[in-house]
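Secondary and tertiary structure notes
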Amino acid sequence: MSSRLPAMVQTLRDRGIRLTAERRSILAGVLTCGGHFDVDRLLSHFRHQGVQVSRATVYRSLNTLVEVGLLRKIDLGDRPSLYEPIEGREHHEHMICVRCGEIIEFVEPEIERLQQEVCRRSGFEPLDHTLQIYGVCHACNCKDAAEECSDPARAGAGG
Ligand SMILES: [Zn+2]
Ligand SMILES: [Zn+2]
C-alpha cells in the first residue's frame, strides 16, 4: 500500500502541485483508508493518529487529488460522497446498496464497449465516466424477505 505513495507524490510533482506536509499526510491517510471512504472516516483516522487537520483542509485537498486524477469521487446524492484512490487501479463501476452502504465493484467490457459506441455515434470524445447502480444488495434483500429467501431450503427439508 505504501508503495503507491511515491507514485502519487510523483503525479503531484508532475502537475506542479507543491507537496506540503499537510498534503503528504492526507495522501498517506487516503492510502491507509483505501477502498471507498468518506470524509468522516478520513477525519477519524487523523484523530486516531493525532494529526491536526481541519475538515475544510481535508475537503480542499481531496478536491485537488480528484482534479489531478489520483482519486475518484463517488457522488451518493444526499449521502456523503465517497472517494477512492485510482492510482494504478483498473477502471471499474459500482453497485451501491442504499440500505447498508455495501459497494460492489464490477467490470463489464460490454458496457464499456457500448459507451464508446454511443459516444462515437455522437462524435463525442469521452474522457472519463462513472457508472453507479443504486439498489438493494442480496444480503439486505434476504433480510427484508426472510421467508422468501429461506423458502427453497424449507421446501427441500420438507417443512
Ligand atoms: Zn445492503
Ligand atoms: Zn471502487
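All of these numbers come straight from a predicted model, not from anything done at the bench. All residue numbers here refer to positions counted from 1 along the written sequence of the relevant chain. Here the convention is simple: chains get letters from A, ligands get numbers from 1, in the order in which they are written. Per-residue local features of the predicted model are confined to residues with pLDDT of at least 70, and side-chain atom pairs are confined, for both listing and counting, to 80 or more; whole-chain, interface and lining totals are unaffected and use all residues.

1. As for the packing of helix α2 (residues 21-33) against helix α4 (residues 55-67)
The axes of two packed helices give the description: the angle between them and the distance between them. The cut-off we apply is this: Only the stretch in contact is used when a helix axis is fitted, and all axes are lines through C-alpha atoms; the angle between N-to-C directions ranges over 0 to 180 degrees. Helix and strand assignments come from DSSP, with helices taken as H or I runs of at least 4 residues and strands as E runs of at least 2, each series counted from the N terminus. Just so you know how the angles are binned, under 35 degrees is roughly parallel, over 145 roughly antiparallel, 65 to 115 roughly perpendicular, and the rest oblique. Each residue is represented by a C-beta atom placed from its backbone, and any two residues with such atoms within 7 Å are regarded as in contact. Following the grouping adopted for this structure description, the nonpolar residues are Ala, Val, Leu, Ile, Met, Phe, Trp, Tyr, Cys and Pro, the charged ones are Asp, Glu, Lys and Arg, and the polar ones are all others, Gly among them.
Viewed as axis vectors pointing N to C, α2 and α4 meet at an angle of 75°, and their least axial separation amounts to 10 Å. In this view, α2 runs roughly perpendicular relative to α4, as classed from their interaxial angle. Residues E22, R23, I26 and V30 of α2 form the contact with α4, whose participating residues are T57, V58, S61 and L65. Its residues assigned to classes, the contact of α2 with α4 comprises four nonpolar, two polar and two charged.

2. With respect to the sheet that holds strand β4 (residues 103-106)
The strands that make up a sheet are held in pairs by hydrogen bonds between backbone atoms, and each pair lies either parallel or antiparallel. We apply this condition: Here a strand pair is declared whenever DSSP counts at least two bridges between the two strands.
The strand order β4-β3-β5 describes an open sheet built from three strands, whose pairing is mixed. Here the strands that pair on one side only, and so sit at the sheet edges, are β4 and β5 (132-135). The average angle at which neighbouring strand axes cross in this sheet is 20°, direction not considered. Of the pairings in the sheet, the one linking strand β3 (residues 93-97) to β5 comprises four bridges and is parallel in character. If you follow H94 over to β5, its bridge partner there is Q132.

3. Things to note about the nonpolar core
Stated precisely, the cut-off is as follows: Residues enter a nonpolar core if they are buried, belong to Ala, Val, Leu, Ile, Met, Phe, Trp, Tyr or Cys, and are joined to the set through C-beta atoms within 7 Å. In this scheme the burial state of a residue depends on its C-beta neighbours within 10 Å: 20 or more other such atoms mean buried, 12 or fewer mean exposed, and anything in between means partly exposed; the C-beta positions come from the backbone.
By size, the foremost hydrophobic cluster in this structure holds twelve residues: M8, I26, L27, V30, F37, L42, L62, L65, L70, L71, L82 and Y83. At the level of elements, α2, α4 and β2 (79-85) are the ones that each hand at least two residues to this core. Looking at this core, the element that brings in the most residues is α2, giving three residues.

4. Brief notes about the packing of helix α3 (residues 39-49) against α4
Short version of the rule: Crossing handedness is read from the near helix: turned anticlockwise from the far helix by less than a right angle, it gives a left-handed crossing, and turned clockwise, a right-handed one.
Between α3 and α4, the shortest axis-to-axis distance is 11 Å and the interhelical angle comes to 120°. Comparing their axes, α4 and α3 come out oblique. In the packing of α3 onto α4, the handedness of the crossing is right-handed. Touching V39, L42 and L43 of α3 are R55, V58 and Y59, all from α4. Broken down by class, the residue content of the contact of α3 with α4 amounts to five nonpolar, no polar and one charged.

5. A look at helix α5 (residues 109-121)
The condition is simple: Every helix has an expected span of 1.5 Å times one less than the residues it contains.
Spanning 13 residues, α5 covers 18 Å between terminal C-alpha atoms, matching the ideal 18 Å at 1.5 Å per step. Within α5, only zero of the 13 residues are buried, leaving the element largely exposed.

6. Description of the confidence of the model for the protein
Note the following rule: Residue-level confidence of the predictor is summarised by pLDDT, bounded by 0 at the bottom and 100 at the top.
Chain-level pLDDT for the protein is 86 on average; 90% of the residues reach the 70-or-more range. Averaged pLDDT values for the elements of the protein fall to 52 in helix α7 (residues 146-157) and rise to 96 in α5. The model gives residues 151-159 a pLDDT under 50, and that stretch makes one contact with residues more than four places away or in other chains.

7. Side note on the environment of L31
For L31, the position within the fold is in helix α2. We classify L31 as partly exposed; it has 16 C-beta atoms within 10 Å. Remark: the alpha-carbon pair of L31 and L5, spanning 26 residues in sequence, is separated by 7.5 Å.

8. Considerations on the pairing of β3
In the sheet, β3 pairs with β4 via four bridges, with the strands oriented antiparallel. Paired with H94 across the two strands is E105, which belongs to β4. What sits between the antiparallel neighbours β3 and β4 is a turn of five residues, in which G101 has the positive phi angle 85°.

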